[in-house]
Amino acid sequence: MNARADSPNPSEKIKWLTIEQAEARMKREPRKVLVDVYTDWCGWCKKMDKETFTDPGVAALINQHFYAVKLDAEGTEPISIKGQTFNYKPEYKSHELAVALLNGQLSFPTTVFLDEELGMLSPVPGYLDAKNMTQILKYFGENYHQNMSWKEFEKQAK
């Protein structure tokens, strides 16, 4: 299936936020959150930015179902969410929030899906092309994860 066929607007772009902005918007309009955990030196992260996140079908699904957050895993600014402040940790060469979201498994890129309460749904490590990203966005965005496993969803989607 071509992800582009899903999008009524071929020029749609993802509306990226900080995690704090997403948390504030959730108070008014609860949504799931997609967190793109990246580093500046990561080639696959750049490829996802250039190819996957610019795909109009991917952008449309993200904007419809999620608040999209970019998180530099090596960012040094403190980040406060859910009443907790996360800081850059020089000993890890990483931000505490990235370490927490990736369960200590620092691999980039990783796309993290959070529920409407900022609870963990799933981290998805590795490069995702538009086709695979579209399937995962539908699985979480359209709440299939509440009724079936990923394997069942994959079978049904074929």
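An account of the accompanying structure is given in this report. Keep in mind the model is a prediction, meaning the values are calculated, not measured.

Looking at the overall build of the chain
Thought 1: Summing up its helical and strand segments, the chain has six helices and nine strands in all.
Thought 2: By the compact-globule yardstick of 15 Å for 158 residues, the chain fits well, its C-alpha radius of gyration being 15 Å.
Thought 3: In the chain, the share of contacts with a sequence separation of at least 24, taken over all contacts with a separation of at least 6, comes to 62%.
Thought 4: Within the structure as shown, the chain displays about 8,700 Å² of accessible surface, and the carbon and sulfur contribution to it stands at 50%.
Thought 5: In the chain, the 20 positive side-chain charges and the 22 negative ones have mean positions that sit 4 Å from each other.

Some details on the packing of helix α5 (residues 130-141) against helix α6 (residues 150-157)
Thought 1: Relative to each other, α5 and α6 sit at 115°, their axes nearing to 11 Å. For α5 against α6, the interelement crossing comes out right-handed. For the pair α5 and α6, the contacting residues are Q135, I136, K138 and Y139 in the first and W150, F153 and A157 in the second.
Thought 2: Residues of the contact of α5 with α6, tallied by class, amount to five nonpolar, one polar and one charged.

Some details on the pattern of salt bridges
Thought 1: Scanning all chains against the criterion turns up six salt bridges.
Thought 2: As a salt-bridge pair, R31 and E29 come within 3.2 Å of each other at their nearest N and O atoms.
Thought 3: The residue K32 makes a salt bridge to E116 at a minimum N-O spacing of 2.9 Å. Here E116 lies in the loop between β8 (110-114) and β9 (120-125) and K32 lies in strand β2 (residues 32-38), a separation of 84 residues in the sequence.
Thought 4: Since its relative accessible area comes to 30%, E116 is described here as partly exposed.

Quick notes on the nonpolar core
The tendency in soluble globular proteins is for nonpolar side chains to be buried as a group.
Thought 1: I19, V33, V35, V37, L71, L97 and L114 are the most contacted members of the largest nonpolar core, which has 25 residues in total.
Thought 2: For this core, the element with the highest residue contribution is β2, accounting for four residues.
Thought 3: Not counting chain neighbours up to four residues away, the residues in contact with V33 comprise A22, M26, F66, Y67, V69, V112, F113, L114, D115 and L118.
Thought 4: Residues L61, I62, L128 and L137 belong to the second largest nonpolar core, which totals 21 residues.

Criteria and cut-off values
Residues numbered from 1 in each chain as written. Predicted model: local features only at pLDDT ≥ 70, side-chain atom pairs only at ≥ 80, totals over all residues. Heavy atoms only, no water. Helix = DSSP H or I, 4+ residues; strand = E, 2+ residues; numbered from the N terminus. Rg over C-alpha atoms; globule rule 2.2 N^0.38 Å. Contact = heavy atoms within 4.5 Å. Areas by Shrake-Rupley, 256 points an atom, 1.4 Å probe, with all protein chains shown as cover. Lys, Arg positive; Asp, Glu negative; His and termini not counted. Charge placed at Lys NZ, Arg CZ, Asp CG, Glu CD. Axes fitted to C-alpha atoms, helices over the stretch in contact; angles between N-to-C directions. Left-handed = near helix turned anticlockwise from the far one by under 90°. Nonpolar A, V, L, I, M, F, W, Y, C, P; charged D, E, K, R; others polar. Salt bridge = Lys/Arg side-chain N within 4 Å of Asp/Glu carboxyl O. Buried < 20%, exposed > 50% of the residue type's maximum accessible area, 1.4 Å probe, protein only. Core = buried A, V, L, I, M, F, W, Y, C linked by side-chain atoms within 4.5 Å.

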